[in-house]
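Chains, contacts and geometry: an overview
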Amino acid sequence: MEGVRFSYLPGTPAIDGVTVDIPAGKTVALVGPSGAGKSTLLNLIPRFYDVDEGRILIDGLDVRDVTLSSLRANMALVSQEITLFDDTVRANIAYGKAGATEAEVIDAARHAAAADFINDLPQGFDTMVGEQGIKLSGGQRQRLAIARAMLKNAPILLLDEATSSLDTQSERQVQKALGELMEGRTTLVIAHRLSTVVDADLICVIESGKITEQGSHKELLARGKTYAHLYTLQFAEQSSGRAGADGA
């Protein structure tokens, strides 16, 4: 990204001059307060919106100079808002790749830590999930979305708060599946829980549409600024939560 600016409303920048380099095969995390522009920045990559100023380049090509189909064919998106169709589990996973074989669908489900719960469903892979996956839990829906992304096997992975609405046990399972999905891919991840991105190659702090800090987890903690403050706050909340649970 080079000098990227974007506004939903004229004169009110949501993204205000962001420049960042995401090396191939690396994981970059976007963190910061709610409403800072993290999701907006991620949504500019697959061109859900186009930049007002600056450029987004992939392998040196401006994303506006390639076809939308080729751009999006090279990306997989997993967000907290999962789109599932009122169809079978198999069909929902297979949506990730045209002409996917049965073996490929099953393999993707296994790698997404979804095979066990699918096999426990009344009709296994032939179980209807209901509109928007209403018959499945949040963690199950997320793992189907990850299986779909596994099947797509795209080189660029976009993760937008993929575990934010899950309970602790579901999050642990989904994080493991995401770890496998991220292996060897160029990944941009937005996370509210900073504990899930401490191993990222680069962490960027977004505030009011600008990158105010960037570095590794260790580097940002040492600087003692926004990231260190956010991390300390979350760590304290988690510790008090555990203490309360232990007391109960």
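Everything quoted here is computed from the prediction, not taken from an experiment.

We now examine the side chain of Lys-38. Relative to the elements of secondary structure, Lys-38 occurs in helix α1 (residues 38–44). If sequence neighbours within four positions are ignored, Lys-38 has contacts with Leu-30, Val-31, Gly-32, Pro-33, Ile-190 and Ile-206.

Formed by 43 residues in total, the largest nonpolar core has its most connected members in Val-78, Val-89, Ile-93, Ile-118, Leu-144, Ile-146 and Leu-181. Here this core takes seven residues from helix α6 (residues 138–152), the largest share from any one element. Not counting the four nearest positions on each side in its chain, Ile-93 is found in contact with Val-105, Ala-108, Ala-109, Ile-118, Phe-125, Leu-144, Ala-147, Arg-148 and Leu-151.

Now for the packing of aromatic side chains. This structure, assessed with the given rule, holds five aromatic pairs. With a centroid separation of 5.4 Å and 90° between ring planes, the pair formed by Tyr-8 and Tyr-49 is classed as edge-to-face. Taken as a pair, Tyr-8 in strand β1 (residues 2–9) and Tyr-49 in the loop between α1 and β4 (53–55) lie far apart in primary sequence, 41 residues in all. An aromatic cluster of at least three residues, connected via ring pairs, comprises Phe-6, Tyr-8 and Tyr-49.

What follows deals with the pattern of salt bridges. Here the structure, examined in full by the defined rule, presents nine salt bridges. The partner of Arg-55 in a salt bridge is Glu-2, with the nearest N and O atoms 2.9 Å apart. Here Glu-2 lies in strand β1 and Arg-55 lies in strand β4, a separation of 53 residues in the sequence. According to the relative accessible area criterion, Glu-2 is partly exposed, its value standing at 38%. Among the ionic pairs, Arg-47 bridges to Asp-50, the shortest N-O distance being 2.7 Å. We classify Arg-47 as partly exposed; its relative accessible area is 21%.

By the secondary structure assignment, Leu-121 is in the loop between α5 (115–120) and α6. Along the backbone, Leu-121 and Ile-82 are 39 residues apart, and their C-alpha atoms lie at a distance of 20 Å. In contact with Leu-121, other than residues within four places in its own chain, are Val-89, Thr-127 and Leu-136.

Moving on, we get to helix α4 (residues 102–111). Taken together, the buried positions of α4 are Val-105, Ala-108 and Ala-109. One side of α4 holds all its buried residues, which, seen down the axis, span an arc of 100°. Along α4, exposed side chains directed more than 90 degrees from the buried face belong to Ala-103 and Arg-110. Elements that come into contact with the buried residues of α4 comprise α3 (89–94), α5 and α6. Positioned one or two residues after α4, Ala-113 has a phi angle of 60°, which is positive.

On to the pairing of strand β9 (residues 186–190). Counting buried positions along β9 yields five of five residues, so the element is predominantly enclosed. Neither face of β9 is exposed, since Thr-186, Leu-188 and Ile-190 on one face and Thr-187 and Val-189 on the opposite face are all buried. Pairing of strand β8 (residues 156–160) with β9 involves five bridges; the strand directions are parallel. Paired with Leu-159 across the bridge in β9 is Val-189.

Conventions and cut-offs
- Residues numbered from 1 in each chain as written.
- Predicted model: local features only at pLDDT ≥ 70, side-chain atom pairs only at ≥ 80, totals over all residues.
- Heavy atoms only, no water.
- Helix = DSSP H or I, 4+ residues; strand = E, 2+ residues; numbered from the N terminus.
- Contact = heavy atoms within 4.5 Å.
- Core = buried A, V, L, I, M, F, W, Y, C linked by side-chain atoms within 4.5 Å.
- Buried < 20%, exposed > 50% of the residue type's maximum accessible area, 1.4 Å probe, protein only.
- Phe/Tyr/Trp six-rings, centres within 6.5 Å; stacked < 30°, edge-to-face > 60°.
- Salt bridge = Lys/Arg side-chain N within 4 Å of Asp/Glu carboxyl O.
- Arc of directions from axis to C-beta.
- Pairing = 2+ DSSP bridges.

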